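# Coordinate inspection notes
Listed below, chain by chain, are the residues.
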Amino acid sequence: MMKKLCLKALTLTTAILAGALASHAETLLTDVTLVHIEDGSLSPDQSILIRDGFIAEIAPDLTASETADTINGDGGFVIPGLWDSHVHIFSTADEPDTALPLYLLNGVTGIRDMGALWPIAEQKALQARIAAGEVLGPRLILAGAWVDASPGSWPGMFLADTPAQAKSVVGQIAQEEWAAVKSYSMLDEATYLALADAATAQGLPLVGHIPERVALATAISAGQAGMEHFGRIPMACSRKEEQMLNDLRQAMNSGADLTRIFEIMAARNGIILRTWDENLCTGVLDTMAAANLHVSPTLVVADFYTGNWPSADAPRMQMIPAALREAWGKPDFRLAAMTDEVRALAQDSIALDRKTFAMAHAAGVPILASTDASFANPYPFHGFSLLDELDIYVEAGLSPREALFTATLAPARFFDLPDLDGTIAPGRHADLVVLDTNPLVSLATLRRPQAVIAAGRVLDRAALDALEENLLNAGK
Ligand SMILES: [Zn+2]
């Protein structure tokens, strides 16, 4: 199905960083201020003792054993490692070689993969190598068991066209031990509802796209736990949501071709802008909050459609493979599907998305910072785009603390992993970022961490610079 797993560059990276990586049983990080994202409080003048990948102790004055590595935090600020809750790192054979170091460079120590072109066995093999410390990378959740109607929007998806097929597919997903079931756009409503039931029966969270023919309220009552992307929320805030859904249902029932289906979907933006209703929206958002439906907004993706692309010589462009840089510059099927109307309305649509986003946050809808970064999606970048996404949240009206919450506490709680809850405390995994200045004042400090600690392995600035250099060389 895919070329053999290629970890050449990763091995090289690992060799370069051998010094930094040598997993000392103990590391003492001194002279730091802890930043508590829950309430915005600070604990100054602390030391953190890290042992075997976990935070062992935190106190103003700690002494380590003689064999411990000591790192002077130099008055820096420590936050929990960041999560990007929607990425794809398995779309080409060598994508992890670039993606994993890019995440660490940007302080991202946890990612959730939401759909892969690699066989699950090979995804798990890489996940295990990261967990064992053989490969340097962020903690990895495999949640890409995407289920779509045939023929499937991407190669290798699970397919279900009937409720019975949905049930059997969920059985297979459970057997393969994915972290979740992911619904996709083209499922019909009866199959989607069966998928939700089967996921619940298996104890697996249902996350993913709300299918294009299913109302947001239906997804909420079906018990969907996480929704990917943001567009369906402004659509549910439109007085015409039901009509928009019906238009598509009728077209699909009468066997309309894909061009016609995309036309109908493209026309939604204009309708939403004309019929978005604040009162209706408040009700929708309250329902979502009450249902604890977590949203992975991926707002940064809009940059692709508006042509807000970095120049070819930008560092982030130079750190991806040359062939990919070239491919991203070429016309794309998603851009081709944009009508003149959609292009003309793009800025207004983005503004409405952000307004709705701020309302959602204020209403208590839980947000998981996310980007859709993937070699298969031009211009969201592994790592860098998560910081861009957080900046967008701040532009939309969140405080830096609230933005950081969506990338630390919120994902840790939602994923419910052992020994990891988005706080800095003894007994937790040592996934940390050391920053020069207080991120609650400005998130700009996230762009150049003093050190990144992933499962107890410390990458100081010199090690991060070496990673960067390595990526720049690989990108030549
Ligand atoms: Zn995605």
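About the cut-offs
Residues numbered from 1 in each chain as written. Predicted model: local features only at pLDDT ≥ 70, side-chain atom pairs only at ≥ 80, totals over all residues. Pairing = 2+ DSSP bridges. Helix = DSSP H or I, 4+ residues; strand = E, 2+ residues; numbered from the N terminus. Axes fitted to C-alpha atoms, helices over the stretch in contact; angles between N-to-C directions. Expected span 1.5 Å × (residues − 1). Buried ≥ 20, exposed ≤ 12 C-beta atoms within 10 Å, placed from the backbone. Arc of directions from axis to C-beta. Contact = placed C-beta atoms within 7 Å. Core = buried A, V, L, I, M, F, W, Y, C linked by C-beta atoms within 7 Å. Parallel < 35°, antiparallel > 145°, perpendicular 65-115°, else oblique. Left-handed = near helix turned anticlockwise from the far one by under 90°. Nonpolar A, V, L, I, M, F, W, Y, C, P; charged D, E, K, R; others polar.

## Here we look at the sheet that holds strand S7 (residues 139-142)
Pairing is parallel across the open sheet formed by three strands, whose spatial order is S5-S6-S7. Every interior strand has two partners, whereas the edge strands, strand S5 (82-87) and S7, have only one. Sheet twist, expressed as the average angle between the axes of neighbouring strands with direction ignored, equals 15 degrees. In this structure, strand S6 (residues 108-113) lies alongside S7, joined through four bridges in parallel fashion. Looking across to S7, one finds that Gly110 is bridged to Arg139.

## A closer look at helix H12 (residues 278-290)
Along its 13 residues, H12 runs 18 Å from first to last C-alpha, staying within 8% of the 18 Å computed at 1.5 Å per residue. Regarding H12, the residues found buried are Cys281, Val284, Leu285 and Met288. Down the axis of H12, the smallest arc covering the buried residues is 95 degrees, so these residues share one side. Opposite its buried face, H12 presents the exposed residues Asn279 and Ala290, each directed more than 90 degrees away. Considering only its buried residues, H12 is in contact with helix H7 (216-221), helix H8 (232-236) and helix H17 (340-363). Of the residues flanking the end of H12, it is Asn292, one or two places downstream, whose phi is positive at about 60 degrees.

## Side note on the nonpolar core
Side chains of a nonpolar character, in soluble globular proteins, are inclined to be buried together. In this structure, Val78, Leu104, Val147, Val181 and Leu195 are the most contacted members of the largest nonpolar core, which totals 135 residues. In terms of residue count, the dominant contributor to this core is helix H18 (residues 384-396) (seven residues).

## Notes on the packing of helix H11 (residues 268-275) against H17
Closest axis-to-axis distance for the H11/H17 pair is 9 Å, and the angle between their directions is 45 degrees. In terms of axis orientation, H11 runs oblique to H17. Of the two elements, H11 crosses H17, and the hand of that crossing is left-handed. Together, Asn269, Gly270 and Leu273 of H11 and Glu341, Val342, Leu345, Asp348, Ser349 and Leu352 of H17 make up the contact between the two elements. Here the residues of the contact of H11 with H17 sort into four nonpolar, three polar and two charged.

## Some points on unusual backbone geometry
Cis geometry is found at the peptide bond from Ser150 to Pro151, where omega equals 5 degrees. A positive phi angle, close to 55 degrees, is found at Asp31, a residue other than glycine. Assessed through the 15 C-beta atoms surrounding it within 10 Å, Asp31 is described here as partly exposed. In this model, Asn292 sits at a positive phi of 60 degrees, which is unusual for a non-glycine residue. With 13 C-beta atoms packed within 10 Å, Asn292 lands in the partly exposed category.

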